[in-house]
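# Observations on chain architecture
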Amino acid sequence: MRVNAGNLKKGEFVFFQGEICQVQKADFYSPGKGAALMKARLKNLISAKNVEYAYKSNEQVEVLDVASVDMQYIYKDQENLYFMDERTFNQSALPISVVGEISRFFKEGEKMFVYMFDDKPLTIRPPMSVRLKIIEADDAAKGDTVSGAKKPVTVETGATVMVPIFVKVGETISINPETGEYTGRV
Amino acid sequence: MKIVTQIKNLENYKIYLQVEKAVHGFMEKNNYLKVDLPVLSPALIPESYLEIFETEFNYFDKKEKLYLTPSPEIFLKRLLVAGVGNCYYLGRAYRNSEPNSDWHSSEFTMLEFYKLGINYLEMAEEVLKLLQEISNKVKNPSFAKATEGKQKLKFDRWEKYSVTEAFEKFAGIKKEELFNEKLFIKKAKNKGFNIDNTGYEDLFSQMLAAEVEPKLGVSGYPTLLYDLPKQMASLAKLNDDGLTAQRCEFYINGLEVGGFCTELNDYKEQQKRFILEAKKRKQNKMIDHTIDKGFVKALKYGLPFCTGAGIGFERLVMIFSNTKSIDELKLISIK
């Protein structure tokens, strides 16, 4: 689908210099002395590198029509995360560098959506929230009663999250995986 | 539009008021006359990159097109011609076809001021003093953080780059490539810019926005970017090198906050630029507004040697309130 670059949105996929990129950020910007621009940060889904680019806002850009496929996250190794399509049992690998920091919160066996284009996996669609159990936490330091005080805890995937001091080991919490923030107890 | 059930952004708005007060204080102390101006005008300067808002005055059979001013310049320059002397305007300006984003609002606040007898580089010192004054007056513990290293921003000096230096350092463009349109376009193509139906001016803006601007004003000091190519001169005087204009812009945390230029007082040159801009507006199918011919006449009458500065006031406040978008400064908005 062709759109004006001025209507590009975060999360969409485009071809940039012949390679598929995902829009990480897109901000309208008019310098007043040249064409109105769309300042975009594009992540190359092969090299995992971000590139800053400025489109003219009226430039036509091809936004890729991607499918999002329900898959199960099965395991990871040093480089990749592996997913399985539960209907076809086909496995797909995605580089950790492409998926990014968010993969710290993936638990084996969880269902997730993977974006596909021409039957090739691109990246995952970030879940709104993940639920994980706390496996390690210090007791709050004595006397630390300041409201809103936080402490670091480790969740079952090994990631560290800042939580309010009253949250304890064994509890399950919800986390916004994109920001890594604690959003509540479950 | 939604109703308001809770006052939001009050702390940021209070900083907005403090910055406003500091600006008025600075201007008064330095003998700039505060002027209030109409925001509706029957004619405008043709500018091919700014779309405008059009409205109509009606009285029985009489109908007159009026336009919301995208900048206070047409009125301020008339006053300068008439001998008002150093003056400033802090008020609303309107630009159509610019969606509300973190850095844009179609209705925004502009600080524009003129000082007689100085050029653009001398104005840079004046603007620095203004920033210092604001920084001294605004009380906000979290204000004015620099992007890199998160240290507090300092306003005791500029970090200065000519456009030539900045393009060489941040975009790898040599001087001979920057000022030669053919070579520049070729270079842009090699970098992956889409050059179809795109001329030098647009590619310059695109490369500036993508590769240069993110590096400006991020090291703890505001950055002055000076001597823009003559193609981007707008209403600025040209330099003797024949390549650049006496125009600069300043950046804080990668964002352009304002700009200034030695004002063009050659009415013939101004008239030429008017015709060119009006032609481009027509080609781009923009609103066909009445052209302010009186503006050229005023310049013919005689604009004194001066430099004018324009600052996006909300962007300025964003620096001192450490906010990321214009919207965070507003108690109420139409968004």
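Computed from a predicted structure; not experimentally measured.

### Structural notes on the domain arrangement of chain A
All names here are of chain A.
- Domains assigned within chain A are domain 1 (2-62), domain 2 (67-125) and domain 3 (130-185).
- Taken together, the contacts link five residues of domain 2 with eleven residues of domain 3.
- Interface area for domain 2 against domain 3, summed over the two sides, is near 700 Å², with a carbon-plus-sulfur share of 67%.
- Of all residues in domain 2, Arg104, Phe105 and Lys107 give up the largest surface area on contact with domain 3, accounting jointly for 76% of the area buried on that side.
- The interface formed by domain 2 and domain 3 includes one salt bridge.
- Residues Glu156 and Lys107 are paired through a salt bridge, measuring 3.7 Å at the closest nitrogen-oxygen approach.
- Connecting domain 2 to domain 3 are one residue pair in polar contact (both at pLDDT 80 or more).

### Regarding the nonpolar core
- In terms of nonpolar packing, the biggest core is built from 87 residues, with A:Tyr55, B:Val19, B:Phe113, B:Val127, B:Phe167, B:Phe204 and B:Phe250 touching the most fellow members.
- Membership of the second largest hydrophobic core comes to 22 residues, among which are B:Val81, B:Cys87, B:Leu235 and B:Phe274.

### Some thoughts on the sheet that holds strand 7 (residues 67-76) of chain A
Residue and element names in this part refer to chain A.
- What the five strands build is an open sheet, ordered 9-8-7-10-11; its pairing is antiparallel. Both edges of this open sheet fall to strand 9 (91-95) and strand 11 (120-125), since each of them pairs with a single strand only. The mean inter-strand angle of the sheet, taken between neighbouring strand axes irrespective of direction, is 45 degrees.
- Bridge count for strand 7 against strand 8 (residues 80-84) is four bridges, and the pairing is antiparallel. Opposite Tyr75, over in strand 8, you have Tyr82 as the bridge partner.

### Section: the interface of chain B and chain A
- Taken residue by residue, the interface counts 29 residues in chain B and 19 residues in chain A.
- Between chain B and chain A the total buried area reaches about 2100 Å² when both faces are included, carbon and sulfur atoms providing 56% of it.
- Three residues stand out in chain B for area buried against chain A, namely B:Tyr49, B:Trp103 and B:Gln206, and they jointly supply 24% of the buried area on that side.
- Across the chain B-chain A interface, the total number found is two salt bridges.
- A:Lys39 is paired through a salt bridge with B:Glu213; the nearest N and O atoms lie 3.5 Å apart.
- At the level of elements, helix 7 (200-212) and strand 9 (247-252) of chain B are the ones that each hand at least two residues to the side of chain B that touches chain A.
- If one sorts the elements of the side of chain B that touches chain A by residue count, helix 7 of chain B sits on top with six residues.
- Counted by class, the side of chain B that touches chain A contains ten nonpolar, ten polar and nine charged residues.

Calculation criteria
Residues numbered from 1 in each chain as written. Chains lettered and ligands numbered in written order. Predicted model: local features only at pLDDT ≥ 70, side-chain atom pairs only at ≥ 80, totals over all residues. Heavy atoms only, no water. Domains from an automatic or database assignment. Contact = heavy atoms within 4.5 Å. Buried area = accessible area lost by both parts, 1.4 Å probe. Salt bridge = Lys/Arg side-chain N within 4 Å of Asp/Glu carboxyl O. Polar contact = N/O pair within 3.5 Å; in protein donor to acceptor, adjacent residues only side chain to side chain. Core = buried A, V, L, I, M, F, W, Y, C linked by side-chain atoms within 4.5 Å. Buried < 20%, exposed > 50% of the residue type's maximum accessible area, 1.4 Å probe, protein only. Pairing = 2+ DSSP bridges. Helix = DSSP H or I, 4+ residues; strand = E, 2+ residues; numbered from the N terminus. Axes fitted to C-alpha atoms, helices over the stretch in contact; angles between N-to-C directions. Nonpolar A, V, L, I, M, F, W, Y, C, P; charged D, E, K, R; others polar.

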